[in-house]
Amino acid sequence: MTAAPIPKDAKPNIRELFSLSGATGPFIGLILLCVFLSIATDSFLSFRNFLNILDQITVLGILAVGMTFVILIGGIDLAVGSVLALAMMVLGYLNVTAGLPMGIAISGALLACALSGAFAGIMIAEFKVPAFIATLAMMSIARGVANMITNGSQIIGFPAWFNMGAIIRYGGFLTMTVAVMLVVFAAAILFQRYRQGGRELYAIGGNPEVARLAGISVKRKTIAVYTACSVLAGLAGVLLAARLDSVQPSSGVAYELDAIAAVVIGGTSLSGGTGGVGGTLIGVLIIGVLRNGLNLLSVSPFLQAVIIGAVILLAVVAETFKHRR
Amino acid sequence: MTQTGKTPILSLRGIRKSYGPIQVLHGIDLDVAPGEVVALLGENGAGKSTVSNVMSGTVLPSAGEMTWQGAPYAPANPREAIDAGVGMIHQELLLLPHMSIAENMFVGRYPMKAGRLDRREMERRAGAGLQRLGLDISPKRLVEGLSTASQQLIEIAKALTLGSKLLILDEPTAALGGEETKLLFKQIERVKAEGVGIVYISHRLEEIRQIADRIVVMRDGVKVEEFPSADVPVRQIVEAMVGRSMDQMFPPLATPTSETVLEIAGLSSPTGQFEDVNFTLKKGEILGVAGLVGAGRTELVRAIAGADAIKSGTITLNGKDVTPRSPKEAIQNGIVLVPEDRKLQGIIVDHKIRENIAYSNFDAVSTAGWISTKKVTAFADENIAKFGVKGSGRQNVGEMSGGNQQKVVIAKWLARNPKVVLLDEPTRGIDVGARSSIYEIIHELAEAGVAVIVVSSDLEEVLGVSNRILVMAAGRQAGILDHSEANDVSIIELATA
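In this text, all values refer to a predicted model and were calculated from it rather than measured experimentally. (Residues numbered from 1 in each chain as written. Chains lettered and ligands numbered in written order. Predicted model: local features only at pLDDT ≥ 70, side-chain atom pairs only at ≥ 80, totals over all residues.)

*Asks:* How should I be thinking about the sheet that holds strand E1 (residues 10–19) of chain B in this particular structure?
*Replies:* By definition, the strands of a sheet pair up through backbone hydrogen bonds, in either a parallel or an antiparallel sense. Residues and elements named next belong to chain B. The 4 strands lie next to each other as E2-E1-E4-E5, forming an open sheet whose pairing is antiparallel. A single partner strand is all that each edge strand has here, and the edge strands are strand E2 (22–32) and strand E5 (71–73). The mean angle between the axes of side-by-side strands here comes to 30°, regardless of whether they run parallel or antiparallel. Bridge count between strand E4 (residues 63–68) and E5: 3 bridges; the pairing is antiparallel. Bridge pairing in E5 places Met66 opposite Tyr73. (Pairing = 2+ DSSP bridges. Helix = DSSP H or I, 4+ residues; strand = E, 2+ residues; numbered from the N terminus. Axes fitted to C-alpha atoms, helices over the stretch in contact; angles between N-to-C directions.)

The structure is reproduced here in structure tokens:
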């Protein structure tokens with residue numbers, strides 16, 4: 001994004017900013033879920049529990065933002081879970097093992113992610129490798145490199161303030177990690193709705209040839225989207241490292257599937273061109289609230305997996321029916 | 001009602017169809033006799049497709065009855081219609097590219113022997129089907145890579161092999177060139193001689209007069225006219241279709257200035273689809289580009305618009321070299337292309353009209369990259385009104401008729417106030433009413449000083465709108481004809497030279 005000031009007539013109007021553009025179904029689902037859990041449990045409906053949910057969805061939320069953009073252009077990124085682990089290990093190596101300051105360590109971690117995302121993007125845009133394959137390969141490569149850094153063992157010993165960022169609630173409610181997630185969501189929604197670059201993603205996802213003929217640099221945008229998705233995965237990795245106060249190369253396994261699930265529940269079409277970050281926020285909240293509520297109800301984790309699977313199906317089937325009408 | 005005197009093979013009586021409160025067919029009577037070609041005409045939305053869908057079992061009528069070979073006929077689904085002997089050939093061909101011709105012909109009803117697929121029998125029967133149409137292709141060949149015309153004929157062979165006694169052809173020539181159309185017509189004559197009844201749907205009036213025995217015109221779900229022979233002036237058919245008298249299909253010719261705007265010199269494509277093309281275009285001039293399918297017309301305009309690579313040659317605009325490396329460069333220089341395939345290249349069907357217009361006009365609706373929703377709405381609405389798009393900016397483009405979709409594509413590009421506009425088959429698959437308004441837009445463009453290139457397979461159209469006509473043959477520039485010397489014959493001569 002450029003640093004240009006937002007001109008007056010581009011100022012987002014409130015109604016539009018909160019319009020869910022196709023995610024009304026999931027939103028109603030989320031409300032119903034919250035109502036049900038408020039009645040079924042004593043502890044769900046509390047400010048404290050709400051903050052817990054926000055803490056629990058930070059990593060998934062940031063991954064899902066990047067994934068939304070990738071899916072919006074009709075792609076898929078299977079590598080985000082591995083890239084998250086790569087970011088964590090690079091962070092740990094640079095900060096703890098090499099003793100570099102945290103700022104440099106975080107930059108290094110994000111840079112490593114940017115490179116792997118750009119690489120996958122170039123494979124997809126320039127060499128016409130299907131996104132599924134290119135990111136599947138990157139998933140394996142990133143995981144391998146993450147393991148190679150410490151030969152598979154974890155790194156501990158971050159400075160104390162790092163972990164505090166995930167624990168201290170500034171102003172009584174906001175941890176640093178949650179704040180980062182909220183900023184990412186806000187920036188992504190603004191970008192998607194009001195930046196030319198954001199609208200172009202919809203055109204690319206709708207029909208890449210139409211977009212190209214309309215003068216949009218489809219290849220460059222595609223590479224940028226995969227790079228951004230990877231960097232966001234890296235950022236999620238940094239936040240996860242702060243929450244765990246340690247890093248290990250086995251982190252984030254299958255996180256890509258959670259992220260895809262959140263995006264799909266939020267109403268973004270896997271064929272690209274429709275949906276958006278607003279819906280994804282709902283999708284992430286549904287998964288977060290569901291997990292939290294099922295835990296409060298002491299539902300076994302195995303049954304939880306079954307229920308989440310059913311919710312994914314329900315969301316997509318409901319969407320399909322809505323379109324058929 | 002039968003003018004032919006023969007017993008009809010299929011009769012429709014009082015067929016009605018409504019979707020909720022909207023009635024789309026108001027009591028249609030129609031007869032098709034064996035060995036007869038009935039042309040079904042009408043503008044988009046007249047109800048032609050609904051009628052053919054009722055006949056082929058895709059749509060159930062709300063009221064009315066049908067008789068097939070003397071017995072009541074009420075197919076509940078396409079399968080029952082096919083089993084009865086009604087074959088429908090859709091505009092979009094439905095062949096599986098990675099399977100052989102024989103497999104395509106028998107998919108879902110493979111001949112079996114001892115519980116497994118009898119490949120030899122299947123290929124023998126497929127071969128016989130192809131023979132029947134005089135097609136010299138091996139049934140073992142994959143469909144992939146066959147020309148559209150061949151695929152069309154294979155669909156027909158498939159329907160006949162399945163025992164069809166009535167064929168419904170929906171816009172069969174929409175994607176065919178002159179030669180291919182001729183081939184198709186020869187096959188239709190052959191099938192007709194075997195006593196198969198044919199319902200032929202098309203927008204191309206000239207070809208209907210060649211092929212049809214009888215013409216039925218529909219408008220707004222009603223059969224408005226039935227011409228007992230095809231020997232009717234085009235004008236009379238058109239007037240029946242649009243329901244008003246058409247003084248003139250084409251606006252007067254544009255009046256070009258003497259100022260040269262565009263100069264194409266020695267332009268060649270890297271794949272050899274066109275070679276050494278040279279011409280100039282004046283301000284306010286309309287240049288038609290004619291030729292057979294595959295002559296390199298589309299490739300030429302795509303190259304000028306930066307959509308395809310150029311091997312050699314230059315494009316000069318107002319004395320400046322503007323040979324583009326991407327569509328973006330051409331657009332920035334004021335050269336825009338209204339592409340051949342609306343749905344694949346022109347619009348995004350699931351997106352709103354407003355968004356579709358904005359995609360090529362971001363600079364007009366944003367400040368420093370920030371898009372103003374208000375500006376998008378105002379800009380789109382202004383152009384929707386200006387180019388006569390019937391619809392609101394909030395509608396998805398996919399919900400609209402072909403003619404309106406094309407107007408959205410035109411609006412999206414003309415809103416940029418370009419200097420050169422390239423239109424590739426601007427009226428393909430569009431009804432007569434929308435067609436004349438597109439000619440009007442083209443005329444106004446030229447009058448406003450824009451240089452226009454119109455590529456078309458419709459000779460009447462090229463002759464009607466162009467100041468000069470560039471004829472291409474097999475990638476070569478066969479010649480440029482002035483309006484005064486151009487006619488069907490001179491164009492065809494050059495195109496087939």
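*Asks:* In this structure, what is going on with the domain arrangement of chain B? I would like to understand it.
*Replies:* By convention, interface size is frequently given as the accessible area that disappears when the constituent parts associate. All names here are of chain B. When its domains are assigned, chain B resolves into domain 1 (10–242) and domain 2 (260–495). The centre of domain 1, based on its C-alpha atoms, is set 33 Å off from the matching centre of domain 2. Among the residues making up the side of domain 1 that touches domain 2, the classes are represented as 5 nonpolar, 5 polar and 6 charged. (Domains from an automatic or database assignment. Nonpolar A, V, L, I, M, F, W, Y, C, P; charged D, E, K, R; others polar.)

*Asks:* Hey, could you run me through the confidence of the model for chain B in this one?
*Replies:* Predicted coordinates in regions of low pLDDT should not be interpreted in detail. Of the residues in chain B, 97% have a pLDDT of 70 or more, and the chain-wide mean is 88. The complex model carries a pTM of 0.78, and its ipTM stands at 0.84. (pLDDT = per-residue confidence, 0-100.)

*Asks:* Whenever I open this one, helix H11 (residues 218–244) of chain A confuses me. Can you help?
*Replies:* Since the α-helix advances by 3.6 residues per turn, residues separated by three or four positions end up pointing in the same direction. Residue and element names in this part refer to chain A. For H11, built from 27 residues, the straight-helix expectation of 39 Å at 1.5 Å per residue is met to within 8% by its first-to-last C-alpha distance of 39 Å. H11 sits mainly inside the fold: 22 of its 27 residues count as buried. Count one or two residues on from H11 and you reach Asp245, which has phi positive near 60°. (Expected span 1.5 Å × (residues − 1). Buried ≥ 20, exposed ≤ 12 C-beta atoms within 10 Å, placed from the backbone.)

*Asks:* I would appreciate a short explanation of the nonpolar core in the present structure.
*Replies:* Soluble globular proteins: nonpolar side chains tend toward being buried together. By size, the foremost hydrophobic cluster in this structure holds 185 residues, and its most contacted members are Leu63(A), Ala87(A), Leu91(A), Leu232(A), Leu422(B) and Val452(B). For this core, the element with the highest residue contribution is H11(A), accounting for 16 residues. Dropping the residues within four chain positions of it, Leu91(A) is found in contact with Ala105(A), Ile106(A), Ala109(A), Val238(A), Ala241(A) and Val247(A). (Core = buried A, V, L, I, M, F, W, Y, C linked by C-beta atoms within 7 Å. Contact = placed C-beta atoms within 7 Å.)

*Asks:* For this particular structure, what's the right way to read the pairing of strand E6 (residues 86–89) of chain B?
*Replies:* Working note: regular strand, side chains alternate between the two faces of the sheet. Residue and element names in this part refer to chain B. Alternating residues of E6 divide into Val86 and Met88 and Gly87 and Ile89, and every residue in both groups is buried. Bridging between E6 and strand E9 (residues 166–170) involves 4 bridges; their strand directions are parallel. What sits directly across from Val86, in E9, is Leu166.

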